[in-house]
Amino acid sequence: MSVVKSPLLEEHLKIVADALQGALVDLVDLHLVGKQIHWTVVGPRFRTVHLQLDEVVASTREYADTVAERASALGVPPDGRAQTVAATSGVAAVKDGWTDDAQAVRTLVDALGAVIGRMRERIRATDEPDPVTQDIFIELTRDLEKHHWMFQAENGGHRG
C-alpha cells in the first residue's frame, strides 16, 4: 500500500529508494557503533575520544532522521528496525568488552570510511534520478568526511 505518491518516475524511485534505505541502515549502525565505543572506550585519551564520539553520534542520528523523512516524502516506508540494520549494514561489528582509545579511533576511522565509500556511490546513483536526495547525501557525506579526518588526526602519532 502506498500512502504517499512520489513525484519521481517509477524507475527513478527504485534507485532512490534503494539508496535511501542503504543510507538509513548505514547511519543507524554507525550511530550504534559510535555509542557502543563511547560507552566502552578507555585509555589516556578517554575524554577526547569520548566527546568526539558524541559528535559522530549526534550527526548520524540527525542525518538518519533526514534520510528516513526523505524516503517517507517520496512514498517509501523507511526501515530502521534492529533486524534490518543487523542484516543489511555494511559497517563491521564492534568487539565486546572495553576498547582501548587507539583501537576505538581505528574502529571509527574504518566504520566512517566504509560508510563514506557507500555514500559516494549513492551520490553518483542519485545524480539524475533525484538531485534533491543527492543533495542530502552530499551534505551528510561532507559531515562524515570531517569526522573521518578528525579521527584519523586523533591517531596520527599512535600506531598501536
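Residues numbered from 1 in each chain as written. Predicted model: local features only at pLDDT ≥ 70, side-chain atom pairs only at ≥ 80, totals over all residues. Heavy atoms only, no water.

If you look the protein chain up in an unreviewed UniProt entry, it shows as DNA starvation/stationary phase protection protein from Streptomyces antioxidans. Taken verbatim from the UniProt record of the protein chain, the Sequence similarities (unreviewed entry) comment is "Belongs to the Dps family." (UniProt positions renumbered as here; feature names shortened; annotations may be inferred.)

K.L.:
Account for the pattern of salt bridges, with residues named and values stated.
P.N.:
Once the charged atoms of two side chains with opposite charge are near each other, the side chains can pair. For the structure on display, the rule yields nine salt bridges. Among the ionic pairs, Arg122 bridges to Asp26, the shortest N-O distance being 3.1 Å. Of this pair, Arg122 sits in helix 4 (residues 101-125) while Asp26 sits in helix 1 (residues 10-40); the two residues are 96 residues apart in sequence, bridging distant segments of the chain. Exposure remark for Arg122: the relative accessible area of 10% places this residue in the buried category. Taking the relative accessible area as the measure of exposure, Asp26 reaches 2% and is therefore buried. In this structure, Arg70 engages Asp130 in a salt bridge whose closest nitrogen and oxygen atoms are separated by 2.8 Å. (Salt bridge = Lys/Arg side-chain N within 4 Å of Asp/Glu carboxyl O. Helix = DSSP H or I, 4+ residues; strand = E, 2+ residues; numbered from the N terminus. Buried < 20%, exposed > 50% of the residue type's maximum accessible area, 1.4 Å probe, protein only.)

K.L.:
Go over the environment of Ser59, please, and point to the residues and values.
P.N.:
With respect to the helices and strands, Ser59 occurs in helix 2 (residues 46-73). Residues Ser59 and Arg118, spaced 59 residues apart in sequence, show a C-alpha to C-alpha distance of 17 Å.

K.L.:
Quick rundown of the environment of Val91? Include the residues and the values.
P.N.:
Along the chain, Val91 turns up in the loop between helix 3 (82-88) and strand 2 (99-100). Separated by 65 residues in the primary sequence, Val91 and Asp26 have C-alpha atoms spaced 6.7 Å apart. When sequence neighbours within four positions are dropped, the list of residues in contact with Val91 reads Asp26, Asp29, Leu30, Val33, Ala111, Val115 and Arg118. (Contact = heavy atoms within 4.5 Å.)

K.L.:
Residues and numbers for a negative patch on the surface, please.
P.N.:
Residues Glu62, Asp65, Glu69, Asp135 and Glu139 make up a contiguous surface patch of negative charge. When contributions to the negative patch are tallied by element, the ones reaching two or more residues are helix 2 and helix 5 (131-154). Counting residues per element, the negative patch draws most heavily on helix 2, at three residues. Positionally, Asp65 belongs in helix 2. Taking the relative accessible area as the measure of exposure, Asp65 reaches 43% and is therefore partly exposed. (Patch = residues over 30% accessible without salt bridge, like charges linked within 9 Å, V, L, I, M, F, W, Y side chains within 5 Å. Areas by Shrake-Rupley, 256 points an atom, 1.4 Å probe, with all protein chains shown as cover. Lys, Arg positive; Asp, Glu negative; His and termini not counted. Charge placed at Lys NZ, Arg CZ, Asp CG, Glu CD.)

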